[in-house]
Amino acid sequence: MGTAVLNVKIDEALKERLRHYAEVNNENLSVTTEKLLLLAFEAAEEAGVSEEDIDNQHTEEESVTPFTPKEIKALRKILKKRK
């Protein structure tokens with residue numbers, strides 16, 4: 001299994017709780033964070049939390065087709081006129 005870097009912004013108090021938990025369990029912050037995230041996912045699965053419950057705004061990225069060369073040429077022409 002490979003590892004990946006995850007940069008997140010969290011409340012300072014939560015970070016201190018993580019640090020304290022790691023220290024008490026003789027773990028580093030990375031191991032503790034990974035362990036607690038896995039436990040949270042397991043608990044969510046056991047509780048029957050679905051994707052619908054988490055993303056209640058039903059947001060999705062729209063698939064957008066790129067501009068054709070003809071459209072790019074037309075845009076350049078319009079932008080050139082504005083200068």
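Residues numbered from 1 in each chain as written. Predicted model: local features only at pLDDT ≥ 70, side-chain atom pairs only at ≥ 80, totals over all residues. Heavy atoms only, no water.

> I would appreciate a short explanation of helix H1 (residues 12-24) in the present structure.
Helical geometry: 3.6 residues make up each α-helical turn, so side chains three or four residues apart lie on a common side. Counted at 1.5 Å a residue, the expected span for H1 with its 13 residues is 18 Å, and the 18 Å between its end C-alpha atoms agrees. The opening residue of H1 is Asp11, an N-cap whose side-chain oxygen sits 3.0 Å from the backbone nitrogen of Ala13. Phi turns positive one or two residues past the end of H1, at Asn26, with a value near 55°. (Helix = DSSP H or I, 4+ residues; strand = E, 2+ residues; numbered from the N terminus. Expected span 1.5 Å × (residues − 1). Polar contact = N/O pair within 3.5 Å; in protein donor to acceptor, adjacent residues only side chain to side chain.)

> What am I meant to see in a nonpolar patch on the surface here?
Nonpolar side chains collect at one region of the surface, where Leu6, Val8, Ile10, Leu14, Leu37 and Phe41 lie side by side and expose about 590 Å² of accessible area between them. Residue position: Leu6 is located in the segment before H1. (Patch = residues over 30% accessible without salt bridge, like charges linked within 9 Å, V, L, I, M, F, W, Y side chains within 5 Å. Areas by Shrake-Rupley, 256 points an atom, 1.4 Å probe, with all protein chains shown as cover. Salt bridge = Lys/Arg side-chain N within 4 Å of Asp/Glu carboxyl O.)

> Help me out: how do you make sense of the packing of H1 against helix H2 (residues 29-47) in this one?
The description of two packed helices rests on the angle between their axes and on the distance between the axes. Two numbers describe how H1 lies on H2: the axes approach to 9 Å, and their chain directions differ by 105°. Between H1 and H2, the angle is such that the two are roughly perpendicular. Contact residues: H1 offers Lys15, Leu18, Arg19, Tyr21 and Ala22, while H2 offers Leu29, Thr32, Thr33, Lys35 and Leu36. Of the residues that constitute the contact of H1 with H2, the class distribution is five nonpolar, two polar and three charged. (Axes fitted to C-alpha atoms, helices over the stretch in contact; angles between N-to-C directions. Parallel < 35°, antiparallel > 145°, perpendicular 65-115°, else oblique. Contact = heavy atoms within 4.5 Å. Nonpolar A, V, L, I, M, F, W, Y, C, P; charged D, E, K, R; others polar.)

> What exactly am I supposed to notice about the confidence of the model for the chain here?
In low-pLDDT regions, the fine details of the predicted coordinates are not to be read closely. Per-chain confidence: the chain averages 84 in pLDDT, with 83% of residues scoring 70 or above. Here helix H3 (residues 51-54) stands out as the least confident element of the chain, with mean pLDDT 66; H1 is the most confident, with 93. (pLDDT = per-residue confidence, 0-100.)

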